[in-house]
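Descriptive structure summary
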Amino acid sequence: MFGLFGPNGAGKTTLLRILTGQLEQDSGSASVMGIDVKKKPMDVKKLIGIVPEVESPPTYLTSYEYLYFVAKIRNIDDIDRKIGQWFDFFELHDSKNVICRDLSKGMRQKLMIASAFIHEPKLVFLDEPFINLDPIYQRKLREFLTEYIDGGGTAFLCSHILEIAEKLCDKAAIISEGKIVAEGSLKDLVREGGHLEDLFMRLVKKGG
Amino acid sequence: MRTLIRLMLKEELRTHTTYSGQRFFTFPIVVFIFALILALFMERLLVEASLSQLMLLALASAFIYGIGVGSFGFMGRQYIEKRYGTQNYIVAMPSLLPITYRKTFLGLYIRDSIFYILLVLVPAVAGLLVASPFTGFKITSILFFFVAAVLSFQIGTSISFFGSILYNRSSLAFITFTSVLIALVILGGALKVFDIQLIVPALGFEFSLPPFAADYQSALLFLTVSLAMIFALIGLSIALMKFNFIVRDSRHESILPKYIEMFSLSKSYKNLVGKEFVDLRRSGTIGKMSFSFILPLVFLSFTSWFVNTGLGIEVGFNTVFYGAMVGFLGVLLYSWLNNVDSADYYSLIPVTVPQVIRARLIVFLFLTLGISTAFVVIISIMNNEVDILWLALLVMFITSIYMVVMTAYLTGLRTNTFLFDMGIMGRFAIMSFLPDVCLTILSFSLRTDPLFSASSIILVLAILIGTTIILLKGIETKWRRTGFDI
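All of these numbers come straight from a predicted model, not from anything done at the bench.

Structural notes on the pattern of salt bridges
Residue and element names in this part refer to chain B.
- Applying the stated rule across the entire model yields ten salt bridges over all chains.
- Linking E11 and R111 is a salt bridge whose minimum nitrogen-to-oxygen distance equals 3.8 Å. A residue pair is termed long-range when its members are at least 10 positions apart, and E11 in helix α1 (residues 2-20) and R111 in helix α6 (residues 101-135) qualify at 100 residues. Like R111, E11 is buried.
- Note that R360 and E276 form a salt bridge whose closest N and O atoms lie 3.2 Å from each other.

Following this line, the structure appears as structure tokens:
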């Protein structure tokens, strides 16, 4: 898992949106899994999963319908079984027929996570995935992500919760004012700075 | 209140300039130039159409424009629940600050009245005034027209505001209000149960004054009734305003799989079309669309009848003219389709902007063809013009599709915003005005020279079909690299 850390406004979300084909860069190049994102954003989106910074499932679809819609767009077989797995994982059965507008933030976040993983992608981009989740589901998601990585998946994580990130990531970069100020394996970075939080504070302060 | 309105005006301005930048400020200039040119060519236009016909169209347009602007009350919940992705608005501030929703919504009403009168009506009238030395129009007549246009606009805005507030309270109350409104039009207009002038006071005001008449006493009465109507509707709207903020747990049967199956004819678009229809059903947009589509049509048919019979001024609108009008009103429906929900989440899945645009065009076709056909058929029966129904339907189908495809090509998924961009507005005005004028004028001569008129209309329609095909293909090229948040 690759972690991208930085202060508010450093450009984490912008970078993530460029890499996932949601935003076109003005200059430079970006490629994901060997595909030029600017030229073929749809090809990239077919392969990856995205959990955005703001949980924003469609207002008028129910939880079930949202996952069904994503599954249909992604041409997934055995839709009901896969939706059922995610409903079990996040215990969403009671909210199955509630429209997304009326779900709590946490419930919506669970749906966004489920929709990012429902097609079993090899690469996911996660922007603050733990926000709005209670500690029980934070732990559950952490365990799931560990399993996902062990199973050969790759995750690109943006987060401010450095304790969780430190536990999960093996590689990381710190971004400040739109520039990468540190990059490498988390072990090397931490060795240099003591704790990820200390390193973060030092580099960002220097950058600022 | 003044600070609130000032901040809201700034907010509205910034919302528009976010998408079109400083070019937004050239929009009133375009309106000014457009009105100036129209005034300079008025003499030529008056050969084919009468001044009362043009006046009626102008005031009806102001009313319809007002209906569109005032429907912000429909957005109440969405504003407040931040349903526009990451955007939030001053109107939603009562959830955080000691200020009431009544105050912010009244502020919104005043803001939109000021903003859109300054944006459209003032530059349009300025264009007429500047042209007056060359056209011979009296300045007093132009100023009377301005007052009538503002009254028509405000009546439209107030009716729409009141309707939308009712909608937020209860769907039943909203349906009753709309039905009563239509019933009043029928009772007062066709059946003469009460004095018809009470329903359209702004029109009465205009047609009581020069150059049509010089009955100043009646004009004053119409002005008073218009103002009373506007203030009563605003007062009632504010008094009835209530948003239910109890967290609901509204459960719905899963209908999406069934809808996707139902629209399987749309082939690769069936998932998107099915989802759009679920949105339309659950958001209640069908009712809102009917309100802003059927009401202007009823108003237009009624006012032409009123001016013909009530005021004794001849305006010969026939079924073919209405067919064209229905087509041109299709833009309102497409605009509504783009307002049902934020499209931000589409950026997370492999779907492109052109795909969503095309899906909405399909939805538009499914939605409107039934209502529009019914309207044109009814008008033809009422006008005793079944003999030209075939032509009216042809005009309606082709102009509907042309207008919506053209709007989609120009504005993508942000119709309301992009139409205020000068470049886009200019193209939209030319691409809609030219066929509109051609079809309107040709429809007027249908009875005097049917062969020439019908064949010319068919020629115009053939050009529109060709243009529609080109624009449809152009949607892919123009919008494929655009993100859903632009």
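Some points on the packing of aromatic side chains
- For the structure shown, the criterion picks out 28 aromatic pairs over all chains.
- For the ring pair A:F69 and B:Y346, a centre distance of 6.2 Å and an interplane angle of 65° mean the geometry is edge-to-face. Taken together, the residues span two chains, with A:F69 in helix α3 (residues 63-73) and B:Y346 in the loop between α14 (319-337) and α15 (353-382).
- The class of B:Y346 is buried, set by a relative accessible area of 0%.
- Taking 4.7 Å as the distance between ring centres and 35° as the angle between the ring planes, the aromatic pair formed by B:Y345 and B:Y346 counts as tilted.
- Note on B:Y345: relative accessible area 3%, which makes it buried.
- An aromatic cluster of three or more residues is present, and its members are A:W86, A:F89, A:F90, A:F117, A:Y137, A:F144 and A:Y148.
- When the ring centre of B:Y409 is taken as origin, the NZ or CZ atom of B:K478, which lies over that ring, is 4.9 Å away.

Remarks on the nonpolar core
- Formed by 219 residues in total, the largest nonpolar core has its most connected members in A:F117 and B:Y346.
- For this core, the element with the most residues is helix α16 (residues 389-411) of chain B, which contributes 14 residues.
- Setting aside chain neighbours within four positions, we find A:F117 in contact with A:W86, A:V124, A:L126, A:F144, A:L145 and A:Y148.

Examining the packing of helix α7 (residues 139-169) of chain B against helix α10 (residues 216-240) of chain B
Residue and element names in this part refer to chain B.
- Two elements in contact, α7 and α10, have axes whose closest approach is 9 Å; the angle formed by their N-to-C orientations is 25°. Between α7 and α10, the angle is such that the two are roughly parallel. Crossing geometry of α7 relative to α10 is assigned as left-handed. Side by side, α7 and α10 meet where F144, V147, L151, Q154, I155, S158, I159, F161, F162, I165, L166 and R169 of the first sit next to Y216, L223, S226, L227, M229, I230, L233, I234, L236, S237, I238 and L240 of the second.
- Grouping the constituent residues of the contact of α7 with α10 by class yields 19 nonpolar, four polar and one charged.

Some thoughts on the pairing of strand β6 (residues 154-158) of chain A
Residue and element names in this part refer to chain A.
- In terms of burial, β6 is a largely internal element, four of the five residues being buried.
- By the bridge criterion, three bridges tie strand β1 (residues 2-5) to β6 in an arrangement that is parallel. Bridging from a neighbouring strand, G3 pairs with L157 of β6.
- Where strand β5 (residues 123-127) and β6 come together, five bridges link them in parallel fashion. Of the residues in β6, the one forming a bridge with L126 is L157.
- After leaving β5, the chain enters helix α6 (residues 135-150) and then returns to the sheet as β6, a path that is right-handed.

Points about unusual backbone geometry
- Residue B:P211 follows B:P210 across a cis peptide bond; omega there is 10°.
- Mapped onto the elements, B:P211 comes out in the loop between α9 (201-207) and α10.
- A positive phi is found at A:E91, a non-glycine position, where the angle reads about 50°.
- Within the secondary structure, A:E91 is located in the loop between α4 (79-90) and α5 (105-117).
- Looking at A:E91, the relative accessible area reads 54%, which means it is exposed.
- The residue A:E120 is not glycine, and still its phi comes out positive at about 50°.
- Note that A:E120 resides in the loop between α5 and β5.
- Given a relative accessible area of 54%, A:E120 falls into the exposed group.

Brief notes about the interface of chain A and chain B
- The partner chain B presents 36 residues to the 34 residues of chain A that form the contact.
- A combined buried area of about 3300 Å² lies between chain A and chain B, and 58% of that area is made up of carbon and sulfur atoms.
- Between the two partners, chain A and chain B, sit two salt bridges.
- Counting across the interface, chain A meets chain B through 13 residue pairs in polar contact (both at pLDDT 80 or more).
- Of all the secondary-structure elements, those providing two or more residues to the side of chain A that touches chain B are α2 (41-47), α3 and α5 of chain A.
- With seven residues, the top contributor of residues to the side of chain A that touches chain B is α3(A).
- Tallied by class, the residues present in the side of chain A that touches chain B amount to 16 nonpolar, five polar and 13 charged.

Focus on the packing of helix α2 (residues 27-40) of chain B against α6(B)
All names here are of chain B.
- One can describe the packing of α2 onto α6 by two numbers: an axis separation of 7 Å at closest approach and a directional angle of 35°. Note that α2 runs across α6; the crossing there is right-handed. Contacts between α2 and α6 pair F27, P28, V31, F32, A35, L36, A39 and L40 from the former with L119, V120, P123, A124, A126, G127, L128, V130, A131, F134 and T135 from the latter.
- The residue inventory of the contact of α2 with α6, partitioned by class, reads 17 nonpolar, two polar and no charged.

Considering the side chain of B:Q154
Residue and element names in this part refer to chain B.
- Along the chain, Q154 turns up in helix α7.
- Q154 gets classed as buried once you look at its relative accessible area, which sits at 10%.
- A polar side-chain atom of Q154 sits 3.2 Å from a polar atom in the side chain of S113.
- Residue contacts for Q154: discarding those within four places in its chain leaves Y109, S113, I117 and I230.

The rules behind the values
Residues numbered from 1 in each chain as written. Chains lettered and ligands numbered in written order. Predicted model: local features only at pLDDT ≥ 70, side-chain atom pairs only at ≥ 80, totals over all residues. Heavy atoms only, no water. Salt bridge = Lys/Arg side-chain N within 4 Å of Asp/Glu carboxyl O. Helix = DSSP H or I, 4+ residues; strand = E, 2+ residues; numbered from the N terminus. Buried < 20%, exposed > 50% of the residue type's maximum accessible area, 1.4 Å probe, protein only. Phe/Tyr/Trp six-rings, centres within 6.5 Å; stacked < 30°, edge-to-face > 60°. Lys NZ or Arg CZ within 6 Å of the ring centre and 35° of its normal. Core = buried A, V, L, I, M, F, W, Y, C linked by side-chain atoms within 4.5 Å. Contact = heavy atoms within 4.5 Å. Axes fitted to C-alpha atoms, helices over the stretch in contact; angles between N-to-C directions. Parallel < 35°, antiparallel > 145°, perpendicular 65-115°, else oblique. Left-handed = near helix turned anticlockwise from the far one by under 90°. Nonpolar A, V, L, I, M, F, W, Y, C, P; charged D, E, K, R; others polar. Pairing = 2+ DSSP bridges. Right-handed = clockwise from strand over helix to strand, strands pointing away. Buried area = accessible area lost by both parts, 1.4 Å probe. Polar contact = N/O pair within 3.5 Å; in protein donor to acceptor, adjacent residues only side chain to side chain.

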